[in-house]
Amino acid sequence: MGKANVGKSTFFNAATDLSVQVANFPFTTIEPNVGIAFVRINCVCKEMGVMDNPINSRCINGVRFIPVKLIDIAGLVPGAHSGRGLGNKFLDDSRQASVIIHVVDISGSTDEEGKPVSLGFGDPLSDIKFVENEFDLWIHSLILRDWDKVIRESENLKQRIEYTISKRLSGLSISEQVVKNAINTLGLTKKPANWDKNDLLILCKQIRLTSKPIIIAANKADLPTSDPNISKLKRLDRLFFTCVSEAELLLKRALQKNLIYYLPGDSDFEIKNPGILSKSQLEALDMVSKVLKKFGSTGVQNIINHACFEILNNIVVYPVEDEYKFTDKKGNVLPDARIVSKNITAKQLANLIHNDLGKGFLYAIDVRSKQRIGAEHMLKNNDIIKIVSTTSRN
Ligand SMILES: Nc1nc2c(ncn2[C@@H]2O[C@H](COP(=O)(O)OP(=O)(O)OP(=O)(O)O)[C@@H](O)[C@H]2O)c(=O)[nH]1
Ligand SMILES: [Mg+2]
C-alpha cells in the first residue's frame, strides 16, 4: 500500500518476478496485481545431509524460497476514503491482507498526489500519516454507515458492541476479540450510543494497529535526499526497513538474463562474464553494488521475511511420509516447506495437510529424534514431521 508513484509496483515486480507496468507517473496501476513473492529461509536439507527436490517451493544451494501471496494496490491520494483519485476500491483490495507493507518515497521526490517534484521537496513523514489516516478513515466509513440505526438495533437485541462492530467489519477479518481489546485499551467506557464520530475514529485506528500491522518500506533510499528523511523516520520509533526496490528489480532482470549469480536477499552478487555486458548494464549494476555496500541488501527480501515470521509469528515445518528418507510417497526429498503459525500442534498440522489425516490422527513422529509426539504437541521451527493416521492417504 502507499501513495501514488512511490515504487509499489517496482517493489512488487522485484519481489514476484511478475512483470507489471511501471512508470514515473501516478496511477500506473489501476487493478490490484496479485503475485507470488517468496520468503527466504535456510533449508534443513544441509543439516540432514540430503539433496532435496522441493515441490511447493524452491531450494537453491540450501536456501529455500517459499511462496507467499503479495498484492500490489493502486496508489492512495488524500481523500481516497471518500472516493478521490481511484476511490476506495483499492482500499477494498487490502481487505484480505494480513500484514501491510507501506511503501514510502523516502527521498521526497513526489508530492502528496504522487507527482514528481524536485528531489527532497516531498515530505515522506507526512505521507506516512496521510496514507495511514486514509486507511483509518476508510474503516471509519464502513462503521459509520447507518451507525445510529445499527446501534439502536444492537441495543434492542442486547448485542455486545464488539460483536456489532466486528460484524460490520467482517470483510476485513477483524474478530470480536480484536474490537474488544481495542475498546479496553482506549478505556471507552461511555455507552456506545453516546460515542461520537471522533471516538469511533480513534477506535478504528486502534483496531487497525492490531489487525492490519504495517511495515514501512522506506523506498528510493538510494537517492541523495533520503538520508535526512531516514534519520527523521528513526526518531518516529516506527518499524521500517530501508529499501531500494529498483536495485532488486535490476538484479532480478540480470538474473533472468543469466548475467549474474545472486540469491534474493543476498548482500552481494557476482557478474558471470563482465566482458559481455553493455556500458549501461555495467553502470546499472554498479549502482546496485553501491546500494548493497551501503545498506547490506536491497531490503525487499528482509521486508517479506519480517512480515511473515516476525509480524505474523510463523514458523516453517517440513511434513514427510518416510521418516528415514525424508520423502513423500513419490520419493521427493523434503517436498514441502510449510509456513504455519508458531503455536501449531501436530494434529493441527495434520488437519492442514488433509482433513482425513487429521480425523484419523494417531500420533506424529519427530523425524530428527524418531520419537513419537502426541496430538497436542506444539511444533517448533524447522521440525520435520511424519503424521501417522488411520486414514493416511494410500
Ligand atoms: N531511485 C529509485 N527510484 C525508484 C525506486 N523504486 C521505484 N522507483 C521509481 O519510481 C517511479 C514509480 O514507480 P512505480 O513502481 O510505478 O510506483 P507505484 O507506487 O506503483 O505508482 P502508482 O501505481 O502510480 O501508484 C518509477 O519511475 C520507478 O522507476 C527506487 O528504489 N529507487
Ligand atoms: Mg503501481
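Right above here is the structure, for reference.
Okay, so let's go over this structure. (Residues numbered from 1 in each chain as written. Chains lettered and ligands numbered in written order. Predicted model: local features only at pLDDT ≥ 70, side-chain atom pairs only at ≥ 80, totals over all residues. Heavy atoms only, no water.)

**Points about the layout of surface pockets**
Argument step 1. One number sums up the size of the largest pocket: a volume of about 600 Å³.
Argument step 2. Lining of the largest pocket is provided by 25 residues; of these, Lys69, Leu70, Ile71, Ala97 and Val99 occupy positions nearest its centre.
Argument step 3. Where the lining of the largest pocket is concerned, the elements lending two or more residues are α1 (8–16), β3 (63–72), β4 (100–105) and α12 (300–311).
Argument step 4. Among the elements that make up the lining of the largest pocket, the one with the highest residue count is β3 (six residues).
Argument step 5. Its residues assigned to classes, the lining of the largest pocket shows 18 nonpolar, four polar and three charged. (1 Å grid on protein atoms, 1.4 Å probe; cavity = no way out; pocket = protein on both sides within 12 Å on 5 of 7 lines; lining within 4 Å. Points joined across faces, edges and corners; volume = space filled by probe spheres on them. Helix = DSSP H or I, 4+ residues; strand = E, 2+ residues; numbered from the N terminus. Nonpolar A, V, L, I, M, F, W, Y, C, P; charged D, E, K, R; others polar.)

**Some remarks on the sheet that holds strand β10 (residues 338–341)**
Argument step 1. Strand order in the open sheet made by the five strands is β10-β9-β13-β11-β12, with mixed pairing throughout. Only two strands of the sheet have a single partner each, and these edge strands are β10 and β12 (371–373). Direction aside, neighbouring strands of the sheet carry axes that sit 45 degrees apart on average.
Argument step 2. Against the sheet, helix α13 (residues 346–353) engages β9 (314–320), β10, β11 (361–366) and β13 (384–389), with an angle of about 80 degrees to β13. (Pairing = 2+ DSSP bridges. Axes fitted to C-alpha atoms, helices over the stretch in contact; angles between N-to-C directions. Contact = heavy atoms within 4.5 Å.)

**As for the packing of helix α5 (residues 147–156) against helix α6 (residues 161–168)**
Argument step 1. It is at 10 Å that the axes of α5 and α6 come closest, and there the two elements cross at 135 degrees. Regarding the angle of α5 to α6, the classification is oblique. Where α5 crosses over α6, the handedness of that crossing is right-handed. Only Ile161, Thr164, Ile165 and Arg168 of α6 make contact with α5, whose side of the interface consists of Trp147, Val150, Ile151 and Ser154.
Argument step 2. Tallied by class, the residues present in the contact of α5 with α6 amount to five nonpolar, two polar and one charged. (Parallel < 35°, antiparallel > 145°, perpendicular 65-115°, else oblique. Left-handed = near helix turned anticlockwise from the far one by under 90°.)

**Side note on the pairing of β9**
Argument step 1. Counting buried residues in β9 gives seven out of seven residues, a clear majority hidden from the surface.
Argument step 2. Here β9 shows a buried face lined by Asn314, Val316, Tyr318 and Val320 and a second buried face lined by Ile315, Val317 and Pro319.
Argument step 3. One ladder, built from four bridges, connects β9 with β10; its direction is antiparallel. Counted as the bridge partner of valine 317 is arginine 338 from β10. (Buried < 20%, exposed > 50% of the residue type's maximum accessible area, 1.4 Å probe, protein only.)

**Let's talk about unusual backbone geometry**
A negative phi angle characterises most non-glycine residues, just as the trans form characterises most peptide bonds.
Argument step 1. Located in the positive-phi region is lysine 220, a residue other than glycine, with phi close to 65 degrees.
Argument step 2. When you line up the elements, lysine 220 lands in the loop between β5 (214–219) and α9 (226–235).
Argument step 3. Here asparagine 382, not a glycine, exhibits a phi torsion of approximately 70 degrees, which is positive.
Argument step 4. For asparagine 382, the position within the fold is in the loop between β12 and β13.

**Quick notes on the side chain of asparagine 305**
Argument step 1. Residue placement: asparagine 305 occurs in helix α12.
Argument step 2. Among the residues examined, asparagine 305 registers a relative accessible area of 17% and is labelled buried.

**Notes on the sheet that holds strand β1 (residues 33–42)**
Argument step 1. Spatial strand order, β1-β3-β2: three strands in an open sheet with antiparallel pairing. Edge positions in the open sheet fall to β1 and β2 (58–60), since each of these has one partner strand only. Taken pair by pair, the neighbouring strands of this sheet meet at an average axis angle of 35 degrees, ignoring direction.
Argument step 2. Of the pairings in the sheet, the one linking β2 to β3 comprises three bridges and is antiparallel in character. Bridge assignment links arginine 58 to a residue of β3, and that residue is phenylalanine 65.
Argument step 3. In this fold α1 packs onto β1 and β3, with an angle of close to 55 degrees to the strand it touches most, β1.
Argument step 4. Of the strands in this sheet, β1 and β3 are in contact with α12, which crosses β1 at around 85 degrees.

**Here's the deal with the pairing of β4**
Two faces make up the sheet, and in a regular strand the side chains alternate between them.
Argument step 1. Counting buried residues along β4, six of its six residues qualify, which places the element largely inside the surrounding structure.
Argument step 2. Every second residue of β4 is oriented toward a common face, with Ile100, His102 and Val104 on one face and Ile101, Val103 and Asp105 on the other, all of them buried.
Argument step 3. The sheet contact formed by β4 and β5 spans six bridges and is parallel. In the strand pairing of β5, isoleucine 101 is matched with isoleucine 215.

**Some thoughts on the environment of glycine 358**
Argument step 1. Take glycine 358: it is sitting in helix α14 (residues 355–359).
Argument step 2. Exposure remark for glycine 358: the relative accessible area of 1% places this residue in the buried category.
Argument step 3. Excluding residues within four positions of it along the chain, glycine 358 makes contact with Lys347, Ala350 and Asn351.

**Comments concerning the pattern of salt bridges**
Argument step 1. Following the criterion strictly, the structure yields 18 salt bridges and no others.
Argument step 2. For lysine 3, the salt bridge goes to aspartate 127, with nearest N and O atoms at 2.8 Å. Of the two residues, lysine 3 sits in the segment before α1 while aspartate 127 sits in helix α4 (residues 124–144), which places them 124 residues apart along the sequence.
Argument step 3. For lysine 3, a relative accessible area of 1% translates into the label buried.
Argument step 4. A residue is classified by how much of its surface remains accessible, and aspartate 127, at 5% relative accessible area, is buried.
Argument step 5. Through salt bridges with shared partners, one network takes in Asp136, Lys205 and Arg208. (Salt bridge = Lys/Arg side-chain N within 4 Å of Asp/Glu carboxyl O.)

In short, the description is geometric, and any link to function would need to be established separately.
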